[in-house]
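So you can see what is in the structure, the chains are spelled out below.
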Amino acid sequence: MNHDTYSDAYIKSILDEVKTVAMVGASANAVRPSYFVLKYLLSKGYEVWPVNPGQAGKEILGQMVYASLDDLPGVPDMIDIFRNSEAAGQIVDQVLAKGNLPKAIWMQLTVRHDEAAQRAEAAGIKIVMDRCPKIEYGRLSGEIGWAGVNSRTLSSKRPSLKSGFQHRGLAGKKPG
């Protein structure tokens with residue numbers, strides 16, 4: 001797969017399929033990107049399992065923090081990597097060695113490891129690199145346009161809004 005560009009359908013399919021996210025490199029610091037991505041994903045109905053050995057046993061945004069992927073309560077649908085590219089390769093190898101595979105591995109902005117991506121794809125895992133699920137969700141749902149950001153999507157249709165806070169606007173339904 002070409003990891004320089006992703007189709008909207010590919011990104012949307014991942015965001016729609018996923019219900020649980022293990023966030024490797026989650027931070028308790030409210031100014032860190034992983035903190036506000038965690039907060040955003042929680043607000044959209046995802047179950048997020050923060051992974052940070054320095055915060056293990058504590059909570060971030062009401063979610064128990066785990067020391068490693070081995071300590072999670074189950075197999076997450078997606079692993080979101082907030083670590084550098086070298087660490088991302090090691091994390092992918094650790095996931096592949098375990099055998100219980102997630103549906104997707106998502107590497108955050110500036111994080112890319114093509115060889116690890118090839119290994120994961122060979123095992124049937126969807127891969128996204130150098131992207132942020134918060135940004136992609138907001139862009140695909142039209143939500144990012146509310147802040148005046150170009151979503152690269154033109155439409156003369158007004159977005160259909162449900163009453164109350166918008167949850168999982170991509171699939172048009174609440175997670176079940």
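Shown above is the structure to which this text applies.
Residue indices begin from 1 for each chain and proceed along its sequence in written order. This being a predicted model, a pLDDT of at least 70 is required before a residue's local features are given, and a value of 80 or more before pairs of side-chain atoms are given or counted; all residues contribute to the totals for chains, interfaces and linings. Hydrogens and water are ignored here; the side-chain numbers use all heavy atoms of the structure.

Engineer: Explain the packing of helix α3 (residues 85-98) against helix α4 (residues 114-122) to me, please; I cannot follow it from the model alone.
Structural biologist: When two helices pack together, you describe them by how their axes are tilted relative to each other and by the distance separating the axes. Inter-axis angles, ranging from 0 to 180 degrees, are taken between N-to-C directions of lines fitted to C-alpha atoms, where helices are fitted over the stretch in contact. Under the DSSP-based scheme used, a helix requires at least four consecutive residues in state H or I and a strand at least two consecutive residues in state E, with every element numbered from the N terminus. Direction vectors running N to C along α3 and α4 enclose 20 degrees, while the axes themselves pass 9 Å from each other. Taken as axis vectors, α3 and α4 run roughly parallel relative to one another. When the axes of α3 and α4 are compared, the crossing they make is left-handed. Residues Gly89, Val92, Asp93 and Leu96 of α3 lie in contact with α4, whose contacting residues are Ala116, Arg119 and Ala120. Here the term charged refers only to Asp, Glu, Lys and Arg, the term nonpolar to Ala, Val, Leu, Ile, Met, Phe, Trp, Tyr, Cys and Pro, and the term polar to all other amino acids, Gly among them. Here the contact of α3 with α4 is built from residues that sort into 4 nonpolar, 1 polar and 2 charged. Under this scheme an angle from 65 to 115 degrees is roughly perpendicular, one under 35 degrees roughly parallel, and one over 145 degrees roughly antiparallel; angles in between are oblique. Crossing handedness is read from the near helix: turned anticlockwise from the far helix by less than a right angle, it gives a left-handed crossing, and turned clockwise, a right-handed one. By definition, residues are in contact when any of their heavy atoms lie within 4.5 Å.

Engineer: Teacher, can you tell me more about the environment of Gln63 here?
Structural biologist: Relative to the assigned elements, Gln63 resides in strand β4 (residues 63-64). Apart from residues lying up to four places away in sequence, Gln63 is in contact with Leu42, Val48, Pro50 and Lys58.

Engineer: Sorry, what's going on with α3 here?
Structural biologist: In an α-helix, one full turn covers 3.6 residues, which means residues spaced three or four apart are oriented alike. Taking 1.5 Å per residue, 14 residues should reach 20 Å; α3 reaches 20 Å between its end C-alpha atoms and fits that length. A simple rule labels every residue: compare its accessible area, found with a 1.4 Å probe on the protein chains alone, to the largest value its type can have, and call it buried under 20%, exposed over 50%, or partly exposed in between. Along α3, the positions that sit buried rather than exposed are Ala87, Ala88, Gly89, Ile91, Val92 and Val95. At its buried positions, α3 is contacted by β1 (20-24), β5 (78-81), β6 (104-107) and α4. As used in this structure description, the phrase polar contact means that two N or O atoms lie within 3.5 Å; if the pair is within protein, one of them must be able to donate a hydrogen and the other to accept it, and residues adjacent in sequence are counted only when both atoms belong to side chains. For α3, the capping residue at the N-terminal end is Asn84, with a side-chain oxygen 3.2 Å from the backbone nitrogen of Glu86. One or two residues past the end of α3 sits Gly99, with phi positive at roughly 95 degrees. A helix is expected to span 1.5 Å multiplied by its residue count minus one.

Engineer: Whenever I open this one, the side chain of Ser27 confuses me. Can you help?
Structural biologist: Tracing the sequence through the fold places Ser27 in the loop between β1 and α2 (33-43). On the basis of relative accessibility, which here comes to 14%, the residue Ser27 falls in the buried class. A polar side-chain atom of Ser27 sits 3.0 Å from the main-chain amide nitrogen of Asn29.

Engineer: Would you mind going over the sheet that holds β6 with me for this structure?
Structural biologist: Through backbone hydrogen bonds, the strands of a sheet pair up, either in parallel or in antiparallel fashion. Here 5 strands make up an open sheet; going across it, the order is β2-β1-β5-β6-β7 and the pairing parallel. Lying at the two open borders of the sheet, with one neighbouring strand each, are β2 (47-51) and β7 (126-128). Neighbour-to-neighbour, the strand axes of this sheet turn through a mean angle of 15 degrees, independent of strand direction. Where β6 meets β7, 3 bridges bridge the pair, whose relative direction is parallel. For Trp106, the partnering residue across the bridge sits in β7 and is Val128. Most of the contacts of helix α1 (residues 8-17) go to β7, to which it runs at about 115 degrees, and overall it touches β5, β6 and β7. In this scheme, strands are said to pair when DSSP sees at least two bridges between them.

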